[in-house]
Amino acid sequence: MARARDIASIIRQQIEQFGATVAMVDVGTVVEVGDGIARIHGLSGARYNELIQFPNGIIGVALNLEEDSVGVVMLGDYSQIKEGDEVRCTGRIAEVPVGDALIGRVIDPLGRPLDGKGPLKYEKTRPVERVAPHVVLRQSVDTPVHTGIEAIDSMIPIGRGQRELIIGDRSTGKTAIALDTIISQRGGDLICIYVAIGQKASKVAQAVATLEQYRAMEHTIVVSATASDPAALQYLAPYAGCAIGEEFMDQGRDALIIYDDLSKHAWAYRQLSLLLRRPPGREAYPGDIFYLHSRLLERAAKMAPEYGGGSLTALPIIETQANDISAYIPTNVISITDGQIYLETDLFNAGIRPALNVGLSVSRVGGAAQTKAMKQVAGKLRLDLAQYRELAAFAQFGAAELDRITRAQLERGQRITEVLKQPQYVPMLLEKEVAILYAVINGYLDDVPVERVRAFEDAFHRFMEMSHPEICERIAQDKELSEETEEALKAAILEFKEKVPY
């Protein structure tokens, strides 16, 4: 009898506590699928960029919200999807993990690890798309990003919060400049994000191996969507990388993001747009192709101190065809960015590396993002080099008829060009750049044969490290060339020329 009472009380308790929760899920049906695109009937509550759940755990992103259907791009193997399959909204906008846990890792645009180092232990995610910071929240760019490349630091300075385009034909050293800049931040406070879009997986692996070799992965995150990945992942990659960088910027820290490259990003978006049956425009790109890159690059900013004071610097890369910088995508990105570093095939083939075209390269931030020491030594360097290139073009027609001043200018220009040549993956400290540029601009190398300039520079740097480290330390600390430091530097250069064979 007691047992029956116990059972009855348990049943009564369960009846009282019974309350099945009802969850409403937006469900639709696949009406068409192919080429990585699915058209869904239903999903009336779907939002732009929302993640859509397909059978077999496959995820898609809603890109076309039409009156009677939703166009979804697939982020996985779509061969298992068929007409009539049931799909549902997830309620989640496309997002990516963010935070310090990502440093040193290689991930895809959805935050899935690709480096075999185990799962990511992250605490926070961010939507890949976000409206760029308002102009009132920003501050003018005034702090330099030291690239370690003499030619760039002296003539085309990059500041924290700037957007500087790296543009040129294939195989002119665009990625090399980006990787050198990352390696140069070793031991600094700048977190780097390298976004590889539409590249061969072997090239991405090579870049990661290079960064590991120079211990640069300690401050770097790599986001990779290779050529073998779906176009949707290539489209999301730069936005995912930007969201990761914005997290650091919002924490008041400084980040640098490299998009390698936005030409392939535009191709991926054109592919998606045509498959989604959006009307094509110039060069078959959709009408919103400018907005594709402007909403991405405008997210790079230097925030005012009262809003955290962080910064996100963007170095987008664009590949041109036959040096044509007036093509559609190059002109779009040039008009969005704060200057461009233009690399030329002819200079590269002539052995001038980095193959910087001084006439077409510009930084619209200019000296505001340059240390005082560099400004003091490199003030007229750009003009001297541009004049030399122009004179050299004329001089090849009749060198014998040149007057003494013109010949001296050509001789100086040749030596400046030699000094600005730099091997790959050997970024230079600011104090070393200032010392050698001071020597060449002030004529201390005029009596050195052109073919010995590289040997002179290497020997000079070693001499300064061994015999006069205090001069370099003073330049590094003060960030300017005081009269006292300048006199000490002059004396050191003369002592080197007297004592050291090169």
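Being a predicted model, the structure only gives us computed values, none of them experimental. (Residues numbered from 1 in each chain as written. Predicted model: local features only at pLDDT ≥ 70, side-chain atom pairs only at ≥ 80, totals over all residues. Heavy atoms only, no water.)

## A closer look at the pattern of salt bridges
So, step 1. Scanning all chains against the criterion turns up 35 salt bridges.
So, step 2. Between Arg130 and Asp250 there is a salt bridge, with its nearest N and O atoms 3.1 Å apart. Taken together, the residues span a long stretch of sequence, with Arg130 in the loop between β9 (124–127) and α2 (150–155) and Asp250 in helix α5 (residues 231–250) at a distance of 120 residues.
So, step 3. Classification of Arg130 by relative accessible area gives partly exposed; the value is 31%.
So, step 4. You can call Asp250 partly exposed: its relative accessible area is 37%. (Salt bridge = Lys/Arg side-chain N within 4 Å of Asp/Glu carboxyl O. Helix = DSSP H or I, 4+ residues; strand = E, 2+ residues; numbered from the N terminus. Buried < 20%, exposed > 50% of the residue type's maximum accessible area, 1.4 Å probe, protein only.)

## A look at the sheet that holds strand β4 (residues 59–65)
So, step 1. What the 6 strands build is a closed barrel, ordered β1-β2-β5-β4-β3-β6; its pairing is antiparallel. Shown here is a sheet whose adjacent strand axes are inclined to one another by a mean of 45°, direction ignored.
So, step 2. One ladder, built from 5 bridges, connects β4 with strand β5 (residues 70–74); its direction is antiparallel. In the sheet register, Ala62 faces β5, and the bridge partner there is Val72. (Pairing = 2+ DSSP bridges. Axes fitted to C-alpha atoms, helices over the stretch in contact; angles between N-to-C directions.)

## Points about unusual backbone geometry
So, step 1. Cis peptide bonds are those with omega within 30 degrees of zero, and the linkage from Asp260 to Asp261 qualifies with -5°.
So, step 2. Of note, Asp261 is situated in the loop between β13 (254–260) and α6 (262–275).
So, step 3. Cis geometry marks the peptide bond from Arg353 to Pro354; its omega dihedral reads 5°.
So, step 4. Even without being a glycine, Arg277 presents a positive backbone phi close to 65°.
So, step 5. Mapped onto the fold, Arg277 is located in the loop between α6 and α7 (289–297).
So, step 6. Classification of Arg277 as exposed rests on a relative accessible area of 56%.
So, step 7. You will see that Ala284, though not glycine, has its phi angle at about 70°, which is positive.
So, step 8. For Ala284, the position within the fold is in the loop between α6 and α7.

## Considering the environment of Val72
So, step 1. Here Val72 lies in strand β5.
So, step 2. Once the C-alpha coordinates of Val72 and Val30 are considered, the two residues, 42 residues apart in sequence, prove to be 9.9 Å apart.
So, step 3. Apart from the residues within four sequence positions on either side, Val72 is in contact with Gly36, Ile37, Ala38, Ile40, Ile52, Phe54, Gly60, Val61, Ala62 and Leu276. (Contact = heavy atoms within 4.5 Å.)

## What about the pairing of strand β10 (residues 165–168)?
So, step 1. The alternating pattern of β10 places Leu165 and Ile167 on one face and Ile166 and Gly168 on the opposite face, and all of these are buried.
So, step 2. In this sheet, strand β15 (residues 339–343) lies alongside β10 in parallel orientation, the contact comprising 4 bridges. Residue pairing for β15: Leu165 is matched across the bridge by Gln340.
So, step 3. Inspection of the sheet shows β10 paired to strand β14 (residues 311–319) by 3 bridges, in the parallel sense. Across the sheet, residue Gly168 finds its bridge partner in β14, namely Glu319.

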